Amino acid sequence: MPPRKKAKTSAADASESTTGDNSAAQPKAKRVARKGRRGRLAGMLDILPRDVLYEVFSHLEARDLVNLSRASKALRAVMMSRKSAPCWRAALARMERIPEGVPCFLSEPAYANLLIFHYCHNCLKPNTKRIYWMSARYCAACLPAMSTPRPELAAIYDEVESELGRDAIRGALFKVECVDSVIRERGKGNLFIYHKRDVESFQRKWRALSDREEKAALVQRQQEIAEEAHKFSMELCGLKERRNMDVRSDKDERLDDIKSELCAAGWRAEVKFMESQGKLEELSRHRLVNKPVLLTDEEWEKIKDEVIAIVQPYREILRASKKRRALYAARLEYLYQAFWEYRKALEVFPRVDTLAEEAQPTARDLAYMPEVRKLVEVDPGESLDADTFKPLIPALVEKWTENRRKAFEEKWSRVAKKKRPSPTAADPMALAITSFHCQECDEPHPIRWPAVLSHACIPWRGGAKPVKDDYEYAVQECFYGQAFHREDNKMVFNKYLQQTRDIISLCREDPDVVTYEAMEACPVRLSCKQCAKPGRHEVFDWLAALRHEVQHHLSEKETLSHRWERVSAEEATRATALAEALHRKWVDEVAYGLSLGRLSCSWCEYRKKTYLDTMIQHVRFFHKIENPAKGVDFCLLADLRARGAPPVWIFSPTLADDLAVKSLIAEGKGFFAESA
């Protein structure tokens, strides 16, 4: 049988087979798999012309250029040369949301590295976000060692000023940075810090120079660098904030689109419930929702099931919530019935309302009290009706009033720096210095207790109070549109306390103990010497004097005793009689006409801030009174004494022939003094 044939693998093998050599074949060398050939990039620098390389590099991004410059020493030498500057500038120009140009104190590669790579320039710690002095990034651990506080620069400033004069430094000499948190190693107060490298570099250059002109040029150059660093820093912060706003806007738009898709899929009630309960963050912070990318139809189909799984548990929660709200609303209706039966039992017509009577809680105020809430939230099996609430209403009203009183007494205590009134002092709410001012409407006149509870900014007839749970939702639905007293954080204690105390002291009373009623009965009248005119001066009661002081002399630093003086007892008596007559006339002709408060009908529960003619028509139409009388058939709910009585003029007898003076006296606005 002939020998088996062998396949030829090469020409050498073929020649061997032809000669009949039966020796063993040599083993083949194994090939080593390589991804690429080493040194290929270095060879490219020798083969390609530099112009071609720079043309290629000009189309790369700034991040790629920085990474390329770190690939080898040869590439670094190419990328750091002056001829590569156009490539860097082109790459920086393509970056978004950075200031135009390059700072004069940084090269293009250094600027690109500063903007793109977030690592500490001292310890190389990653994820270092903040840029300091528009020069470097430092982590919190390295910042104290790389910064210099302001006090340490005093010697440098003194040396520059002694050499070049005080006018040499017209701006910041070094780049300054304001840190949000105080550096612990340096103690408190060192919020402004400077780059230690800049300071040390300036010191070396300054000490190396001996010529005065060269030193002046160095200082000017240093100030230009500081100014440009500040400009670039402000522009970068503004662009960063704008980018954050764009990202937030895109995220909000994506969330709105997802909510719309959920509503279209039948989850509208659950989404609204999550919003009302403050649970929407579970949806908005989900990884599929919290993206600055607009939602598309294809993407919604992919994420729909996972998003619906977030909302689905709230369907059962909403069903139980609706059941509780219906139960609470039914029980609150019984509270409403019991409260109005209590109010009707107190109503006696005709009556004349006062602000003290108006300062009463509403049914909605009682519903927010813990005692009522505890009763309403009892087990659903418990039976409640109006009779359950009727015996509780008087005590609840009294407790509500006492709680409000304590809240305003606390304002008095904080300002007076006392925890409680002294044993010899009167009721703090009755003191003459005790009044309040509203910060919301900036009412200039003082508001006293209990009229402060009736102030227009506290009782609120809106319904949009933030809802925290099912009970508050039921209260809002049951009493929507009814007034309730909001928190009194808009009310502050007497803003002009010191002026009030000084005026009371001028009236020879002790401001720590004198009451409002005692000051109203005080016969002392005051005159402002600073505003007096030759032959005439005005006379004020204590409230009118306080009003005059606040309006005309609030910014003046001199004490009131240098500006005010007491008039004689006889002049005070005559001025008081004229002032009271003028006040009654003002109330009748001005206060009612301008409706400086709410008008209240004496024959029914109608109370409203409306025009005088509207109230007159109401009384005529509903109560058949042809000529309604002010203060009898209706009244004005306002503290008309808060601004004080109108001032009265006292004229010298030398002005007896003055026509203007005669006119004022004829109108009851003044009188002649007995002596010139």
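Thresholds, definitions, all that
- Within each chain, residue numbers correspond to sequence positions counted from 1 in written order.
- Only residues with pLDDT of at least 70 are given local features in this predicted model, and only at 80 or more are side-chain atom pairs given and counted; all residues enter the totals for whole chains, interfaces and linings.
- Think of the side-chain values as coming from all heavy atoms in the structure, minus any hydrogens and water.
- Each helix is a run of H or I in the DSSP string that is no shorter than four residues. Each strand is a run of E no shorter than two, and both are numbered from the N terminus.
- Each residue's exposure class comes from its accessible area (1.4 Å probe, protein chains only) as a fraction of the maximum for that residue type: buried when under 20%, exposed when over 50%, partly exposed otherwise.
- Note on definitions: a residue-residue contact is assigned when non-hydrogen atoms from the two residues lie within 4.5 Å.
- Exposure was quantified through the Shrake-Rupley algorithm and a 1.4 Å probe, taking into account, for residues, occlusion by the shown protein chains and nothing else.
- Of the grid points, spaced at 1 Å and generated over the protein atoms alone, those admitting a 1.4 Å probe that cannot get out make up cavities, while open sets with protein on both sides within 12 Å along at least five of seven lines make up pockets; any residue with an atom within 4 Å of a point is treated as lining.
- Grid points are joined across faces, edges and corners, and a volume is the space filled by probe spheres set on the points.
- By the convention used here, strands pair only if DSSP detects at least 2 bridges between them.
- Only the stretch in contact is used when a helix axis is fitted, and all axes are lines through C-alpha atoms; the angle between N-to-C directions ranges over 0 to 180 degrees.
- We call a set of buried residues a nonpolar core when its members are Ala, Val, Leu, Ile, Met, Phe, Trp, Tyr or Cys and they connect through side-chain atoms within 4.5 Å of each other.
- Patch criteria: residues need more than 30% relative accessible area and no salt bridge. Like-charged residues are merged within 9 Å; nonpolar side chains of Val, Leu, Ile, Met, Phe, Trp and Tyr are merged within 5 Å.
- What makes a salt bridge here is a side-chain nitrogen of Lys or Arg within 4 Å of a carboxyl oxygen of Asp or Glu, nothing more.
- Any two of the Phe, Tyr and Trp rings considered here, Trp counted by its six-membered ring, make a pair once their centres fall within 6.5 Å; the pair's planes then place it as stacked at under 30 degrees, edge-to-face at over 60, or tilted in between.
- Charge-over-ring placement is defined geometrically: NZ (Lys) or CZ (Arg) within 6 Å of the ring centre, and within 35 degrees of the ring normal.
- Should an angle lie under 35 degrees it is considered roughly parallel, over 145 roughly antiparallel, and from 65 to 115 roughly perpendicular; all remaining angles are considered oblique.
- All residues other than Ala, Val, Leu, Ile, Met, Phe, Trp, Tyr, Cys, Pro, Asp, Glu, Lys and Arg, Gly among them, are scored as polar; the first ten of these are nonpolar and the last four charged.

**Points about the overall build of the protein**
Moving on, step 1. A count of helical and extended segments in the protein gives 26 helices and 17 strands.
Moving on, step 2. Burial analysis of the protein (676 residues in total) assigns 40% to the buried set.
Moving on, step 3. For the protein, contacts bridging at least 24 residues in sequence account for 64% of all contacts bridging at least 6.
Moving on, step 4. About 40500 Å² of surface is accessible on the protein, with carbon and sulfur atoms providing 52% of the total.

**Examining empty space enclosed by the protein**
Moving on, step 1. Within the structure shown, the criterion is met by four cavities of 30 Å³ or more.
Moving on, step 2. Here the largest cavity defines a volume of roughly 90 Å³.
Moving on, step 3. As for the largest cavity, its lining consists of Ala432, Ser435, Pro446, Arg448, Asn494, Thr500, Tyr516, Trp542, Leu543, Leu546, Asp639 and Ala642.
Moving on, step 4. When residues in the lining of the largest cavity are grouped by element, the largest group, three residues, is from helix 23 (residues 542–552).

**Brief notes about the side chain of glutamine 223**
Moving on, step 1. Relative to the assigned elements, glutamine 223 resides in helix 11 (residues 212–276).
Moving on, step 2. Residue class for glutamine 223 comes out buried when judged on its relative accessible area of 14%.
Moving on, step 3. Apart from the residues lying within four places of it in its own chain, the contact partners of glutamine 223 are Ala168, Ile169, Arg170, Gly171, Ala172 and Leu173.

**Some thoughts on the sheet that holds strand 11 (residues 536–539)**
Moving on, step 1. Taken in spatial order, the three strands of this open sheet run 11-16-17, and their pairing is mixed. Each end of this open sheet is capped by a strand with a single partner; those strands are strand 11 and strand 17 (670–672). Strand-to-strand twist across the sheet, computed as the mean angle between neighbouring axes with direction ignored, equals 25 degrees.
Moving on, step 2. In the sheet, strand 16 (residues 648–651) pairs with strand 17 via three bridges, with the strands oriented parallel. From the neighbouring strand, phenylalanine 651 faces strand 17, where its bridge partner is phenylalanine 672.
Moving on, step 3. In this fold helix 26 (residues 659–666) packs onto strand 11, strand 16 and strand 17, with an angle of close to 120 degrees to the strand it touches most, strand 17.

**Some words on the nonpolar core**
Moving on, step 1. If you look at the biggest cluster of nonpolar residues, it comprises 57 residues, and the most contacted ones within it are Leu332, Phe408, Val452, Trp542 and Trp564.
Moving on, step 2. Take this core: its biggest share by element is six residues, from helix 19 (residues 393–416).
Moving on, step 3. Core analysis: the next-biggest nonpolar cluster, separate from the first, contains 31 residues, Ala62, Val78, Ile98 and Ile131 among them.

**A closer look at the environment of valine 539**
Moving on, step 1. By secondary structure assignment, the location of valine 539 is in strand 11.
Moving on, step 2. Accessibility expressed as a relative area gives 3% for valine 539, which makes it buried.
Moving on, step 3. Apart from residues lying up to four places away in sequence, valine 539 is in contact with Arg525, Leu526, Val567, Ala575, Pro647, Val648 and Ile650.

**Observations regarding the sheet that holds strand 13 (residues 598–601)**
Moving on, step 1. Strand order in this open sheet of three strands is 14-13-15, and the pairing throughout is antiparallel. Taken across any chain shown, the strands that pair with only one partner, and hence form the sheet edges, are strand 14 (607–608) and strand 15 (634–637).
Moving on, step 2. Pairing between strand 13 and strand 14: two bridges, direction antiparallel. Residue pairing for strand 14: serine 600 is matched across the bridge by arginine 607.
Moving on, step 3. This element, helix 25 (residues 612–623), spans strand 13 and strand 15 of the sheet and lies at about 10 degrees to strand 13.

**Description of the environment of phenylalanine 105**
Moving on, step 1. If you trace the backbone, phenylalanine 105 turns up in the loop between helix 6 (85–94) and helix 7 (108–116).
Moving on, step 2. Distance in space between the C-alpha atoms of phenylalanine 105 and glutamine 222 is 9.7 Å, their sequence separation being 117 residues.
Moving on, step 3. If sequence neighbours within four positions are ignored, phenylalanine 105 has contacts with Trp133, Met134, Ser135, Lys175, Ile225, Glu228 and Ala229.

**Some points on a nonpolar patch on the surface**
Moving on, step 1. A contiguous nonpolar surface patch, about 350 Å² in accessible area, is contributed by Ile47, Leu48, Val52 and Val56.
Moving on, step 2. Within the secondary structure layout, valine 52 lies in helix 3 (residues 50–57).

**Quick notes on the packing of aromatic side chains**
Ring pairs (aromatic) are described by centroid distance and by the angle formed between their planes.
Moving on, step 1. A full pass over the atoms with the stated rule returns 18 aromatic pairs.
Moving on, step 2. Between tyrosine 132 and tryptophan 133 the ring centres are 5.6 Å apart and the planes differ by 45 degrees, which places this aromatic pair in the tilted class.
Moving on, step 3. Aromatic side chains tryptophan 649 and phenylalanine 651 sit 6.0 Å apart centroid to centroid with 15 degrees between the ring planes, which places their arrangement in the stacked category.
Moving on, step 4. Taking relative accessible area as the criterion, tryptophan 649 reaches 18% and is therefore assigned buried.
Moving on, step 5. Site record: aromatic cluster; members linked through ring pairs are Tyr336, Phe339, Trp340, Tyr342 and Phe479.
Moving on, step 6. Against the face of tryptophan 206 rests lysine 215, its NZ or CZ located 4.7 Å from the ring centre.
Moving on, step 7. Taking the ring centre of phenylalanine 621 as reference, the NZ or CZ of lysine 624 above it sits at 5.4 Å.

**Regarding the packing of helix 4 (residues 62–69) against helix 6**
Moving on, step 1. Packing of helix 4 against helix 6 brings their axes to within 8 Å, and their N-to-C directions diverge by 140 degrees. One finds that helix 4 runs oblique with respect to helix 6. Note on element contacts: helix 6 touches helix 4 through Cys87, Trp88 and Ala91, opposite Ala62, Leu65 and Val66.
Moving on, step 2. Looking at the contact of helix 4 with helix 6 residue by residue, the class counts come to six nonpolar, no polar and no charged.

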